[in-house]
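# Remarks on the overall topology
Each chain, letter by letter, is given below.
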Amino acid sequence: MTPLQRLVLSSLWLLLTLGFCLTLAFAGQVVGHAAHYPPGAATVVDGDTVKFPDGRVCRLVGLDAPESDQPLGAYATAVLRRLVTGEVAVLVYGQDRYRRDLCWLTNGAVSVNAELVRKGAAETYLLNRTPFAAVLRAVEAEAKAADRGVWGLPNRESPSDYRKQQRSRVPP
């Protein structure tokens, strides 16, 4: 990717994020919380969860990364760790059943959520409830076409199917 293409893509992410926030504001929908954290404040729990010093646990909205013991689980965690090294902005859209905040993260002009999907470190998940669903679908299609990350695995199993299979196992 050329520097000009990177600049255009970064500008597009920034405009999409700003546009979405303004749309929410004018549509009367409230984003539960918005916060900024300094570089180094994020602690990566796994490929789709981040914890911050104030106790906030963020599950990245719109995606599902491989579990730690799945193929490419460590890759997903490493990609997320690289993406949250700088200053991180957090938009919270609600909570999941485990009471984690459902978050859209940005690091400068980079959408952390979309970049994880674009790199094949995660797949889209529950898009009917997800902001930026069109963006996530587009970057997932790009990753699939390039057999990037999880999309290049033979006999790939989605994280949600893997979790279901693990829960159904009978203990010895």
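To be clear, the structure that these remarks concern was listed above.
Summary of the structure given here. (Residues numbered from 1 in each chain as written. Predicted model: local features only at pLDDT ≥ 70, side-chain atom pairs only at ≥ 80, totals over all residues. Heavy atoms only, no water.)

## Focus on the overall build of the protein
Along the backbone of the protein there are five helices and nine strands. Listing each helix as α and each strand as β along the protein from the N terminus yields α-β-β-β-β-β-α-β-β-β-α-β-α-α. Going through the 172 residues of the protein one by one, you find that 44% of them count as buried. Excluding contacts between residues fewer than 6 apart, the proportion of contacts in the protein whose partners are at least 24 apart in sequence is 61%. Summing over all exposed atoms, the protein offers an accessible surface of approximately 9,500 Å²; the carbon and sulfur share of this is 58%. (Helix = DSSP H or I, 4+ residues; strand = E, 2+ residues; numbered from the N terminus. Buried < 20%, exposed > 50% of the residue type's maximum accessible area, 1.4 Å probe, protein only. Contact = heavy atoms within 4.5 Å. Areas by Shrake-Rupley, 256 points an atom, 1.4 Å probe, with all protein chains shown as cover.)

## Section: unusual backbone geometry
The phi dihedral of Asp 147 is positive, around 50 degrees, even though this residue is not glycine. The topology assignment puts Asp 147 in the loop between helix 4 (133-145) and helix 5 (159-168). If you check the backbone angles, Asn 155 has positive phi at about 55 degrees while not being a glycine. Tracing the chain through its elements places Asn 155 in the loop between helix 4 and helix 5. Of the residues examined, Asn 155 reaches a relative accessible area of 79% and is grouped as exposed.

## Overview of the layout of surface pockets
For the largest pocket, the calculated volume is near 640 Å³. In this structure, the largest pocket is lined by 26 residues; those nearest its centre are Arg 59, Asp 96, Arg 100, Tyr 125 and Leu 126. Elements with a minimum of two residues in the lining of the largest pocket: strand 4 (57-60), strand 5 (63-64), strand 6 (88-95) and helix 5. Ranked by residue count, the leading element in the lining of the largest pocket is helix 5, at four residues. In terms of residue class, the lining of the largest pocket is built from 10 nonpolar, four polar and 12 charged. (1 Å grid on protein atoms, 1.4 Å probe; cavity = no way out; pocket = protein on both sides within 12 Å on 5 of 7 lines; lining within 4 Å. Points joined across faces, edges and corners; volume = space filled by probe spheres on them. Nonpolar A, V, L, I, M, F, W, Y, C, P; charged D, E, K, R; others polar.)

## Observations regarding the nonpolar core
Judged by nonpolar contacts, the single largest core of 36 residues is most densely connected at Val 90, Leu 105 and Leu 116. Breaking this core down by element, the ones donating at least two residues are strand 1 (33-37), strand 4, helix 2 (73-83), strand 6, strand 7 (101-107), helix 3 (112-118) and helix 4. Contacts of Val 90, omitting those with residues within four sequence positions, involve His 33, Ala 34, Ala 35, Tyr 37, Phe 52, Arg 56, Cys 58, Cys 103, Trp 104 and Leu 105. (Core = buried A, V, L, I, M, F, W, Y, C linked by side-chain atoms within 4.5 Å.)

## What to know about helix 4
Between its first and last C-alpha, helix 4 extends 18 Å over 13 residues, near the 18 Å set by a 1.5 Å rise per residue. What helix 4 keeps buried is the set Ala 133, Val 135, Leu 136, Val 139, Glu 140 and Ala 143. Each buried residue of helix 4 lies within a common arc of 155 degrees when the element is viewed along its axis, so the set occupies one face. Among the exposed residues of helix 4, those oriented more than 90 degrees off its buried face are Ala 134 and Ala 145. Backbone geometry just after helix 4 places Asp 147 at a positive phi near 50 degrees. (Expected span 1.5 Å × (residues − 1). Arc of directions from axis to C-beta.)

## Section: helix 2
All of the buried residues in helix 2 are Gly 73, Ala 76, Thr 77, Val 79, Leu 80 and Leu 83. Buried residues in helix 2, looked at end-on, bunch into an arc of 160 degrees, giving them a common side. Residues Ala 74 and Arg 82 are exposed on helix 2 and point more than 90 degrees away from its buried face. Packing partners of the buried residues in helix 2 comprise strand 2 (43-46), strand 3 (49-51), strand 4, strand 7, strand 8 (110-111) and helix 3.

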